[in-house]
Amino acid sequence: MHKEKISEDRKKYLRKILIKKFSVIATQICILILFILLWEILANKEIIDSFITSKPSEILETFINLSSNDLWLHLRVTCMETIIGFSVGILLGSFIAIMLWWSDFLSKVAEPFLVVLNSLPKVALGPIIIVWVGAGTKAIIVMAVAISLVVTVMEILNGFIETDKEKIKMAQTFNCSKLQLLTKIVIPANISTFINSLKINIGLSLVGVITGEFLVSKAGLGYLIVYGGQVFKLDLVMTGVIILALVSTVLYGSVLLLEKLILKSHKFGN
Amino acid sequence: MTPLIINKNILKIDKFIGGIVLKKILKLENISKIYQAKNGEVEALKNVSFDVKQGEIVSIIGPSGCGKSTLLSIITGLEEKSAGKLYIDGEESIGRTDKIGYMLQKDSLLEWRTIYKNVILGLEIKKIKTPENEEYAKELLRKYHLYEFKDKYPSQLSGGMRQRVALIRTLAIKPKILLLDEAFSALDYQTRISVTKDIYTILKNENVTVLMVTHDISESISMSDRVIVLTGRPATVKKIYNIEFDIKDKDPLKVRESPKFSSYFDSIWKELDVNA
Ligand SMILES: Nc1ncnc2c1ncn2[C@@H]1O[C@H](COP(=O)(O)OP(=O)(O)OP(=O)(O)O)[C@@H](O)[C@H]1O
Ligand SMILES: [Mg+2]
């Protein structure tokens, strides 16, 4: 009897949560549909100028046409550049962070440079990068790395430095070497730091790639958007932006998936 | 009966009780320590001398900040001494040594490792993860009722259990001397009393030599054979108490009820109070 009563309450509670969740999602979808409808109707009635704002039906048309043209190429180029920039940023950033953690002297020396580089708007480096590595894919990847690298280094280094002092002391009571300290304590203790910097990095890499494409490219979503703007084809620009939003969502989602895999192999209690 | 331990160097033999020769396994001679810090020098230890014999449990007690942790760090070689001599197992010890196990206040179990993996951390670090040593670690877990938790994670264990796991992690490397730095003070009172008893049993069973730092006078009396009282900073040895109860099979809980216990307590309390 007693048990049944509790489960009745529990059911009610669960139902309440479900309803709440459902109504949030429903409202979100409604807002989106309403927005698109309003946009379409206002453009059709010429209350807003569709030359400047474009309109959903045109965007859809462009989208369909693009798929038969070079959409896949642009998409592939941007994704490839982002993934390469992201990987290089993470690997190089982790490597530098490890070096700086290893040598106190090195990190003291590097500190002011890191601070300045961190606050410098990396876009300003664009022309220099182009002159140095040429106006091509390489420049775009370097741009992506330039934007994400310093943040990665600082994030990981900070995590390393904040590693529980008691754990470090405990390892030292067993006379551990610096390398053992790194592999047995500091790196495993900073898995969540790594995951965090993956999350930050994927977004920053995409920013770097699009910035790079604005500056130099002949393909990619950034190119598509800039090109659309130059020839006043706003539907092209809008399509580019929407695809970019989807791309960034998918990339972030993949990082979340990666996080799940990493946490699974690095299991925590509970 | 335990057989007579015959020492290579007869000069080190120092105490003789009922056919068992106890040798000085740890000997400190005028150990001093002055820390060099940015805002000046800190004198932490001044001419500290004492010794610990095989199988003894010795407590160090003293006002807070007097230099107790510093003393233990010097014995393990984590800190350099400024002056004096240190002998471990008959040899002068300079720098880091593998003969000592050091257990800190916090258990510092690694939450990403299972209990068993935590226990063999020391073996991994010291590169002595042999089948014999692993078997010994398992045996310790079995003996002290933690074997069934070996594949669990630290967060699934209670504070008292975690502390026992931390002790087994230290014992697994088979140290000649075990140093405990307020190893139980992070536990709540109830757990602490029962863990103290458990750990006393483990220490006596495994016949380890122990030098422990504590804030707790009762703990020092109930667990140890001798209590060393230190002065305030810079620490020097103020007085050494030999703790003797007429009870066979000393039990840290039962001992607390003995009238001798309170007389020891009072004299140590007074000794410390003068410093405060
Ligand atoms: N690395 C260091 N550099 C400078 N001074 C230090 C250092 N480590 C400890 N000290 C100082 O040395 C003195 C003794 O410290 P220690 O930690 O050994 O004392 P303690 O008796 O263990 O204290 P507590 O009772 O708080 O555990 C303190 O005054 C402390 O501030
Ligand atoms: Mg201390």
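Residues numbered from 1 in each chain as written. Chains lettered and ligands numbered in written order. Predicted model: local features only at pLDDT ≥ 70, side-chain atom pairs only at ≥ 80, totals over all residues. Heavy atoms only, no water.

Novice: How should the layout of surface pockets be read in this particular structure?
Specialist: Over the atoms, a rolling probe the size of a water molecule traces out where space has been left empty. Residue and element names in this part refer to chain A. Within this model, the second largest pocket holds a volume of roughly 510 Å³. Going through the elements one at a time, α4 (71-102), α5 (104-119), α7 (137-161), α8 (165-173) and α9 (178-189) are the ones with two or more residues in the lining of the second largest pocket. Counting residues per element, the lining of the second largest pocket draws most heavily on α5, at six residues. (1 Å grid on protein atoms, 1.4 Å probe; cavity = no way out; pocket = protein on both sides within 12 Å on 5 of 7 lines; lining within 4 Å. Points joined across faces, edges and corners; volume = space filled by probe spheres on them. Helix = DSSP H or I, 4+ residues; strand = E, 2+ residues; numbered from the N terminus.)

Novice: I would appreciate a short explanation of the environment of A:Ser23 in the present structure.
Specialist: By secondary structure assignment, the location of A:Ser23 is in helix α1 (residues 2-44). Within the local environment of A:Ser23, its side chain forms a polar contact with the backbone oxygen of A:Lys20, the two atoms lying 2.8 Å apart. (Polar contact = N/O pair within 3.5 Å; in protein donor to acceptor, adjacent residues only side chain to side chain.)

Novice: Help me understand a nonpolar patch on the surface, please; the structure alone is not making it clear to me.
Specialist: Residues and elements named next belong to chain A. A cluster of nonpolar residues, Phe95, Met99, Phe105, Leu106, Val109 and Phe113, forms a patch on the protein surface that exposes about 640 Å² of accessible area. Among the elements of the structure, α4 and α5 are those that each provide at least two residues to the nonpolar patch. With four residues, the top contributor of residues to the nonpolar patch is α5. Within the element layout of this structure, phenylalanine 113 appears in helix α5. On the basis of relative accessible area, phenylalanine 113 is assigned to the exposed category, the value being 57%. (Patch = residues over 30% accessible without salt bridge, like charges linked within 9 Å, V, L, I, M, F, W, Y side chains within 5 Å. Areas by Shrake-Rupley, 256 points an atom, 1.4 Å probe, with all protein chains shown as cover. Salt bridge = Lys/Arg side-chain N within 4 Å of Asp/Glu carboxyl O. Buried < 20%, exposed > 50% of the residue type's maximum accessible area, 1.4 Å probe, protein only.)

Novice: I'm lost on empty space enclosed by the protein in this one. Help?
Specialist: Within the structure shown, the criterion is met by two cavities of 30 Å³ or more. Forming the boundary of the largest cavity are A:Met170, A:Thr173, A:Phe174, B:Tyr102, B:Met103, B:Leu104, B:Lys106, B:Asp107, B:Ser108, B:Arg169 and B:Thr170. When contributions to the lining of the largest cavity are tallied by element, the ones reaching two or more residues are α8 of chain A together with β7 (100-103) and α5 (159-171) of chain B. Partitioned by chemical class, the residues of the lining of the largest cavity number five nonpolar, three polar and three charged. Its boundaries defined by the atoms lining it, the second largest cavity holds a volume of some 40 Å³. Among the elements of the structure, α6 (126-133), α7 and α10 (191-216) of chain A are those that each provide at least two residues to the lining of the second largest cavity. (Nonpolar A, V, L, I, M, F, W, Y, C, P; charged D, E, K, R; others polar.)

Novice: Could you clarify how one ought to interpret the sheet that holds strand β9 (residues 209-213) of chain B in this entry?
Specialist: Within a beta sheet, neighbouring strands are joined by backbone hydrogen bonds and run either parallel or antiparallel to one another. All names here are of chain B. Read from one edge of the open sheet, six strands run β7-β8-β9-β4-β10-β11, paired in mixed fashion. Pairing within the sheet leaves two strands with one partner each, and these edge strands are β7 and β11 (237-242). Strand-to-strand twist across the sheet, computed as the mean angle between neighbouring axes with direction ignored, equals 15 degrees. In the sheet, strand β4 (residues 57-61) pairs with β9 via four bridges, with the strands oriented parallel. If you follow isoleucine 60 over to β9, its bridge partner there is valine 213. Of the strands in this sheet, β7 and β8 (177-181) are in contact with α5, which crosses β7 at around 165 degrees. Most of the contacts of helix α6 (residues 189-205) go to β4, to which it runs at about 135 degrees, and overall it touches β4, β8 and β9. (Pairing = 2+ DSSP bridges. Axes fitted to C-alpha atoms, helices over the stretch in contact; angles between N-to-C directions. Contact = heavy atoms within 4.5 Å.)

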